Amino acid sequence: MKHSNISFFVPHIGCPNMCSFCNQHTISGAQSAPTVDEVKAVCEKALGEVGSPENSEIAFFGGSFTAIPRSYMTGLLQGVQEFIGDKKFRGIRISTRPDCIDSEVLELLKRYHVTSIELGAQSMSDAVLASNDRGHTSADVVNASRLIRENGFELGLQMMIGLYGSSEKDELETAEKIILIRPDTLRIYPVVILRGTRLAELYESGIYKPFSFDTAVELAAEVMIRAEKSGIRVIKCGLHASEFVEQDAVGGFYHPAFRELCENQIYRKKIAELIGGKCGKYVISVAPDCISKAVGQRKSNIDYFNKIGISIKIIGVENMDKYQCELRSE
């Protein structure tokens, strides 16, 4: 069954500093923190509408959950307890900062049926973290991940591609260091430069020069395939489509179908490896539900190969894995 979240965004309260890229009001589309009563009302409604609540979690995203005022945090957690259990939601998912995790807060979260914790790692380069005012180090990510694992939680990590001061080499090294931590899940966020942030000031002054959009897609695609090969589920790639992001973005790599672009790139590379650059006509088989990804947005992969003298036809074959491609005869 497909996992789903009943998501609440707790915007920038409790966070100890303002990162260069951060404008949580824009990212979440939330202008104020939800009240306990508002959260309970949404959960009650969702419980009657979600087809498989036992495969769903109540999720608190958008800020640094374990850094918000303790009374507010425990109020939210306590308020949703009646919606967790048999034939109800399976637990609670939160996101927080690596430097806001310790044994005491983990014991508290366990008591309130928190099952999954996501850490905003963003980069595993200390220089990149410092340049973007993150206020923590890569060692904090490693230590917090270890504590989360030791306490029996599902671990998720979040990575940003294209931060100020980051190189292509930094991105791939970050991916490898994240893979070594072995999180259960990974979210990949290409940088979106939002109005009202320090990153926007650096960009508009010419100090910050982002990668090209195509480079960001190629890097994210490479991170996705490396993570999947290591058994790490990539549960998000790109910011969710939002009118708030679209109106406040001044640069960066926002696209409402960013993940699809990355998956198109993955299939393009795999097909190119199969063909080996030889002109001709080829039939490529993929999993039936991956045909559109292999064909590419607006047939971009078909057109790409046509331009270099290669004609490809994509067909669906049952029992093939995601990202698996094979050459077939007509």
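Residues numbered from 1 in each chain as written. Predicted model: local features only at pLDDT ≥ 70, side-chain atom pairs only at ≥ 80, totals over all residues. Heavy atoms only, no water.

**Concerning helix H8 (residues 198-205)**
Link 1 in the chain: For H8, every residue scored as buried is listed here: Leu199, Ala200 and Leu202. One face of H8 carries all of its buried residues, which in axial projection span an arc of 160°. In H8, the exposed residues that point more than 90 degrees away from the buried face are Glu201 and Glu204.
Link 2 in the chain: Of the surrounding elements, those touching the buried residues of H8 are strand E7 (192-194) and strand E9 (249-252).
Link 3 in the chain: At the C-terminal side of H8, Gly206 shows a positive phi close to 90°. (Buried < 20%, exposed > 50% of the residue type's maximum accessible area, 1.4 Å probe, protein only. Helix = DSSP H or I, 4+ residues; strand = E, 2+ residues; numbered from the N terminus. Arc of directions from axis to C-beta. Contact = heavy atoms within 4.5 Å.)

**Concerning the sheet that holds strand E10 (residues 280-286)**
Link 1 in the chain: Read across the open sheet, the three strands follow the order E11-E10-E12; overall the sheet is mixed. The open sheet terminates on both sides in strands that have one partner only, identified here as strand E11 (310-316) and strand E12 (326-328). Neighbour-to-neighbour, the strand axes of this sheet turn through a mean angle of 40°, independent of strand direction.
Link 2 in the chain: Note that E10 and E11 share seven bridges and pair parallel. (Pairing = 2+ DSSP bridges. Axes fitted to C-alpha atoms, helices over the stretch in contact; angles between N-to-C directions.)

**Focus: the packing of helix H2 (residues 36-47) against helix H3 (residues 70-79)**
In a pair of packed helices, the angle between the axes and the distance between the axes together describe the arrangement.
Link 1 in the chain: Contact geometry for H2 and H3: axes closest at 9 Å, N-to-C directions at 25°. Relative to H3, the element H2 lies roughly parallel. Crossing geometry of H2 relative to H3 is assigned as right-handed. Of the residues in H3, those in contact with Val36, Val39 and Lys40 of H2 are Gly75, Leu76 and Gly79.
Link 2 in the chain: A class-by-class count of the residues in the contact of H2 with H3 yields three nonpolar, two polar and one charged. (Parallel < 35°, antiparallel > 145°, perpendicular 65-115°, else oblique. Left-handed = near helix turned anticlockwise from the far one by under 90°. Nonpolar A, V, L, I, M, F, W, Y, C, P; charged D, E, K, R; others polar.)

**Quick word on the side chain of Asn264**
Link 1 in the chain: Along the chain, the position of Asn264 falls in helix H11 (residues 258-275).
Link 2 in the chain: Asn264 gets classed as buried once you look at its relative accessible area, which sits at 4%.
Link 3 in the chain: Apart from the residues within four sequence positions on either side, Asn264 is in contact with Ser292, Lys293, Gly296, Gln297, Ser300 and Asn301.

**Section: the packing of aromatic side chains**
Link 1 in the chain: Enumeration over the complete set of coordinates arrives at seven aromatic pairs.
Link 2 in the chain: Centroid distance Tyr304 to Phe305: 5.1 Å. Interplanar angle 85°. Geometry classified as edge-to-face.
Link 3 in the chain: By relative accessible area, Tyr304 is classed as partly exposed at 37%.
Link 4 in the chain: In this structure an aromatic cluster arises from ring pairing among Phe8, Phe60 and Phe65.
Link 5 in the chain: Note that Arg268 overlies the ring of Tyr304, its terminal NZ or CZ placed 4.3 Å from the centroid. (Phe/Tyr/Trp six-rings, centres within 6.5 Å; stacked < 30°, edge-to-face > 60°. Lys NZ or Arg CZ within 6 Å of the ring centre and 35° of its normal.)

**Re the pairing of strand E4 (residues 114-122)**
Link 1 in the chain: Buried residues dominate E4, accounting for eight of its nine residues.
Link 2 in the chain: Taken together, the five bridges between strand E3 (residues 91-96) and E4 define a ladder with parallel strand orientation. Paired with Arg93 across the two strands is Ser116, which belongs to E4.
Link 3 in the chain: Read from E3 through helix H4 (residues 103-111) to E4, the crossover connection turns out right-handed.
Link 4 in the chain: Sheet analysis places E4 next to strand E5 (residues 154-161), joined by six bridges and oriented parallel. Bridge pairing links Ser116 to Glu154 in E5. (Right-handed = clockwise from strand over helix to strand, strands pointing away.)

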